[in-house]
Amino acid sequence: MSLQYTIEKQVALAAVRRACALTATVFNKLVKQETLTKDDKSPVTVADYSAQAVVNTILGRAFPADPVVGEEDANDLRREEGEKLRNRIVELANEALTADLGIGDTAEWGIGPGQERTLEELLDAIDRGNDQGGRIGRRWTLDPIDGTKGFLRGGQYAVCLALIVDGDVKLGVIGCPNLPVKSAEPEGQRGCIFAAVKGQGAEQMTMSGMDPTPIVIPPVAPGMLNLLESVEAAHADLSFNRRVSELLGITRPPTQMDSQAKYGCLARGDGAVYLRMPTKAGYREKIWDHASGSLLVTEAGGLVTNSLGQPLDFGLGRTLGLNYGIVAAGKDVHALVLAAVQKARAEESENAKA
């Protein structure tokens, strides 16, 4: 008897692997050689569109009835002034799609030598990411480059793909091209993929799909906790994190990195707590920023909730609704961390009244 979502997992791995190869190519060709800046946004734009075209092309062939919730649409690309950008996207996407078949790949998914796509086919594939999400039915959610600033500086970023069924995340795959395979060897081999299927556990493998290894969050004594947090202060309230650390008696410095790579590190035991508290009123977290990572941590033996202790709700649409932050940790310490978060929030409320 085959496991549920086996084919979906193989397709997702193939799509993320090719998108990771594409984004690495963009970094080496456009960021390193052309020294473009974040203000220009060209490398990120090229990589975002091209990776989404690749992933959505593969999903469209394998699961043509499944909609996709994504960040990009092709409206800007269809304008006359977008010709140069369009040409780059076609070149990069076809390079990724026509690469040799790898572990678990099949040509039926529209990949391998001779599987080039036309410009219009690729633009239509990008536009498949316009689903609005919801409580009913199957849908994928994609972040083609999570952690754009990390990508631009050659740091951590991730390609994130998840399958959501009736508002419940069933499958998550995170590709981290720059993450060391072994945290104890930071200068060693880089590039790994994390994958999880609900009820089937979590695993890490090399970028090629070799050496799949189950991962489990190890127990951590309260005195040995350390935080995983965003590099950018705009993405999380880092001063709030410092107060939580004080309440928990954490003395180790936080580990800062961009993207859902933090979820992967938490799942394999590189950090004990991931906090992402809102920095401004009204901002709502996007489902593609947390779907894959939250399932990965849960399947590795952790808990992911908001600061009220409620599970994240992926059936509300394109966002997680009202933003009460993200609290992720191993099951043995989550309640302790949540209590510290709630105490820090109460202190903030009291200070605001004073």
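Everything discussed here concerns the structure shown above.
This structure is a prediction, so every number in the text was calculated from the model and none was measured. (Residues numbered from 1 in each chain as written. Predicted model: local features only at pLDDT ≥ 70, side-chain atom pairs only at ≥ 80, totals over all residues. Heavy atoms only, no water.)

1. So, the nonpolar core
The test is simple: In this description, a nonpolar core means a group of buried Ala, Val, Leu, Ile, Met, Phe, Trp, Tyr and Cys residues linked to one another through side-chain atoms lying within 4.5 Å. A 1.4 Å probe rolled over the protein chains alone gives each residue an accessible area, and that area as a share of the maximum for its type sets the label: buried under 20%, exposed over 50%, partly exposed in between. Helix and strand assignments follow DSSP, with helices taken as H or I runs no shorter than four residues and strands as E runs no shorter than two, numbered in order from the N terminus. The contact criterion used throughout is that any non-hydrogen atoms of two residues lie within 4.5 Å.
If you look at the biggest cluster of nonpolar residues, it comprises 55 residues, and the most contacted ones within it are Val 26, Ile 58, Leu 59, Trp 140, Phe 151, Leu 161 and Val 173. The leading source of residues in this core is helix α1 (residues 6-34), at 13 residues. Excluding its chain neighbours within four sequence positions, the residues that come into contact with Trp 140 are Glu 8, Ala 12, Leu 59, Phe 63, Asp 66, Pro 67, Val 68, Val 69, Leu 161, Ala 162, Leu 163 and Leu 171. If you look at the next biggest cluster of nonpolar residues, it comprises 37 residues, including Val 69, Ile 174, Phe 194 and Ala 196.

2. Quick word on the packing of aromatic side chains
What counts is decided by this rule: Think of it this way: a Phe, Tyr or Trp ring, Trp meaning its six-membered ring, pairs with another when their centres are within 6.5 Å, and the plane angle makes it stacked under 30 degrees, edge-to-face over 60, tilted otherwise.
Following the criterion strictly, the structure yields 4 aromatic pairs and no others. A ring pair is formed by Phe 27 and Phe 151, whose centres lie 6.1 Å apart and whose planes are at 70°; its orientation type is edge-to-face. Separated by 124 residues along the polypeptide, Phe 27 in helix α1 and Phe 151 in helix α5 (residues 148-152) bring together distant segments of the chain. Neither residue differs from the other here; Phe 27 and Phe 151 are each classed as buried. By way of ring pairs, the aromatic residues Phe 27, Phe 151 and Tyr 157 are connected into one cluster.

3. Concerning helix α2 (residues 42-62)
What counts is decided by this rule: What a helix should span is 1.5 Å times the count of its residues minus one.
For α2, built from 21 residues, the straight-helix expectation of 30 Å at 1.5 Å per residue is met to within 8% by its first-to-last C-alpha distance of 30 Å. Taken across its 21 residues, α2 has 16 buried, putting it largely inside the fold.

4. A word on the pairing of strand β5 (residues 190-197)
Applied cut-off: Note on pairing: DSSP must find at least two bridges between two strands before they are called paired.
Where burial is concerned, most of β5 is hidden: 7 out of the 8 residues are buried. Hairpin remark: β5 followed by strand β6 (residues 202-206), antiparallel, with 4 residues in the connecting loop; positive phi at Gly 199, about 85°.

5. A word on the pattern of salt bridges
As a reminder, the rule being used: We define a salt bridge as a side-chain nitrogen of Lys or Arg found within 4 Å of a carboxyl oxygen belonging to Asp or Glu.
All told, the structure shown has 20 salt bridges when counted by the stated rule. Arg 17 is paired through a salt bridge with Asp 105; the nearest N and O atoms lie 3.5 Å apart. With Arg 17 in helix α1 and Asp 105 in the loop between α3 (83-97) and α4 (119-127), this residue pair connects regions lying 88 residues apart in the sequence. Put simply, Arg 78 and Glu 120 hold a salt bridge, and the shortest N to O gap is 2.6 Å. Here Glu 120 lies in helix α4 and Arg 78 lies in the loop between β1 (68-69) and α3, a separation of 42 residues in the sequence. Judged by relative accessible area, which is 35%, Arg 78 ranks as partly exposed. Via salt bridges that share partners, Arg 78, Glu 120, Asp 124 and Asp 127 belong to a single interconnected network.

6. A look at the state of the cysteines
How we decide: When two cysteine sulfur atoms lie within 2.5 Å, the pair is treated as a disulfide.
The tally for this structure, following the rule as stated, stands at 0 disulfides. Of all cysteine sulfurs in the structure, the one in Cys 176 sits closest to Cys 20, which takes part in no disulfide; the separation is 7.4 Å. Assessed through its relative accessible area of 2%, Cys 20 is described here as buried.

7. Notes on helix α8 (residues 291-299)
Counting buried positions over the 9 residues of α8 gives 8, a clear majority of the element. The set of residues buried in α8 consists of Ala 291, Ser 292, Gly 293, Ser 294, Leu 295, Leu 296, Val 297 and Glu 299. Just downstream of α8 lies Gly 301, where phi reads positive at about 100°.

8. So, the packing of α3 against α4
Condition: Axis definition: a line fitted to C-alpha atoms, limited for helices to the stretch in contact. Angles are taken between N-to-C directions and run from 0 to 180 degrees. The scheme is simple: roughly parallel for angles under 35 degrees, roughly antiparallel for over 145, roughly perpendicular for 65 to 115, oblique for anything else. Residue type decides the class: Asp, Glu, Lys and Arg count as charged, Ala, Val, Leu, Ile, Met, Phe, Trp, Tyr, Cys and Pro as nonpolar, and the leftover types, Gly among them, as polar.
Interhelical geometry of α3 versus α4 gives an angle of 85° and a closest axis separation of 10 Å. Taken together, the axis directions place α3 and α4 in an arrangement best described as roughly perpendicular. Side by side, α3 and α4 meet where Arg 86, Val 90, Ala 93, Asn 94 and Leu 97 of the first sit next to Leu 119, Leu 122 and Leu 123 of the second. In terms of residue class, the contact of α3 with α4 is built from 6 nonpolar, 1 polar and 1 charged.

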